[in-house]
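Structural overview
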Amino acid sequence: MTITMNPQTSLKSMLRAEAQKLGFSMVGVVPARPGRRLEAYMRWIDNQHHGLMGYMARPDRVQRRQDPAVILEGVQSIISVALDYATLRLPPHIAEDPARGRISNYAWGVDYHDAMSPRLEALAQSLRQLAGGEARQRVYVDTGAILERDHAESAGLGFVGKNTMLIGPQRGSYFFLGEILTTLPIAPDEPRVMPGCGSCRRCLDACPTSAFAQPYVLDARRCISYLTIELKGRIPRELRPLMGNWIYGCDVCQNVCPFNRFAPQSNELAFRPGHYDQAAPPLLSLMAMDEQAFASRFAHSPIKRIKRHRFLRNVCIAAGNWGSAEAIPGLVELLRDDDALVRGHAAWALGRIGTREVHQALSER
């Protein structure tokens, strides 16, 4: 394919300019090849560290990760973009209040898929126009069977840290990733020398559930983000007391990372919570939500995808870890919930509180 360009510019520089216009903070390009960490990923699957996320081990998805051409025939380049989402740090009296449920900071505002997908599609369309319409492309935001952190690392957006997050040396790890697979031959970025984690192990030591089997290897089965979001059924009893007041995701391994002191404030107002109750809502208010209230409250949030029953499962665990008698009326009401998952975790939470009133309520049920 021949692309005629102005001699004083290039497809690459125009791509960067368009990405910046759309609000992306970083952009990089790599040849469409298997990721450098593919073997490590396969070992991760073989060791069952993906838990019950069976889609990650499906043969067709593994094949796509092994060869991007299975996704898009004739693919030549993978474009990685980043969008910052850091907004504020919760004050300790809010974040550490056991009467509140903590939500990972990426979910304080609108669903990032809704924020990124239209822009990535627009970037792909601009790229197609710049190349005279001669391109086939696929766009992904956390949905495709590709090793997005691996490709983004190769494109120079950062390095993979011991907590398995992609870390930018001058911007930390609070950013979303998106990709465009294209049949256009775009000059790849040169590999960059990255600092790495060195001897630091703050993330490994701070993890409440000891989810890191070793540096750079996360056992999802113990990760609070997996437990509160990806796991569809009962949360293992032995892990519940370790989850504290996290009710959707977890930021511990990122919050303690020294590189995140450089994290820039996102320009996206849609990611910023309007008030602290969006980031750490009172548990009592959450326990009272019916289906309609849940759907209304989280209509534009990524939280909506786990649905009310899984969200209240998480809320019940946080209430049990709170251990206050104030939670008893709400939990007793949840013993009558239509969903067995909610009822079972409400019973566990009441058992943690363990007052005479609780024993009577459990006996009645």
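Now for a description of the structure that goes with this document.

The next point concerns the environment of G51. Within the secondary structure, G51 is located in the loop between α2 (38-46) and α3 (59-66). Put simply, G51 and A220 are 169 residues apart on the chain and 6.1 Å apart in space, counted from C-alpha to C-alpha. Ignoring anything within four residues of it in the chain, the contact list for G51 reads R221 and Y226.

Let us look at the nonpolar core. Ranked by internal contacts, the top residues of the largest apolar core, which has 98 residues, are I79, F311 and L331. In terms of residue count, the dominant contributor to this core is helix α13 (residues 307-322) (8 residues). With sequence-adjacent residues up to four places away left out, L331 is seen in contact with M287, C316, A319, A346, A349, L350 and I353. Judged by nonpolar contacts, the second largest core, of 18 residues, contains I71, A82, V160 and L177.

The final tally for this structure, using the stated rule, is 12 aromatic pairs. For the ring pair Y106 and F176, a centre distance of 6.3 Å and an interplane angle of 90° mean the geometry is edge-to-face. One end of the pair, Y106, is in the loop between β3 (102-103) and α5 (112-130); the other, F176, is in strand β7 (residues 175-182), and 70 residues separate them in sequence. Accessibility classification places Y106 together with F176 in one group, the buried group. Ring centres of F294 and F311 lie 5.8 Å apart, and the angle between their planes is 45°; on these two criteria the pair is classed as tilted. Taken together, the residues F294 in helix α12 (residues 291-297) and F311 in helix α13 connect sequence positions 17 residues apart. Both residues of the pair, F294 and F311, belong to the buried class.

The rules behind these values
- Residues numbered from 1 in each chain as written.
- Predicted model: local features only at pLDDT ≥ 70, side-chain atom pairs only at ≥ 80, totals over all residues.
- Heavy atoms only, no water.
- Helix = DSSP H or I, 4+ residues; strand = E, 2+ residues; numbered from the N terminus.
- Contact = heavy atoms within 4.5 Å.
- Core = buried A, V, L, I, M, F, W, Y, C linked by side-chain atoms within 4.5 Å.
- Buried < 20%, exposed > 50% of the residue type's maximum accessible area, 1.4 Å probe, protein only.
- Phe/Tyr/Trp six-rings, centres within 6.5 Å; stacked < 30°, edge-to-face > 60°.

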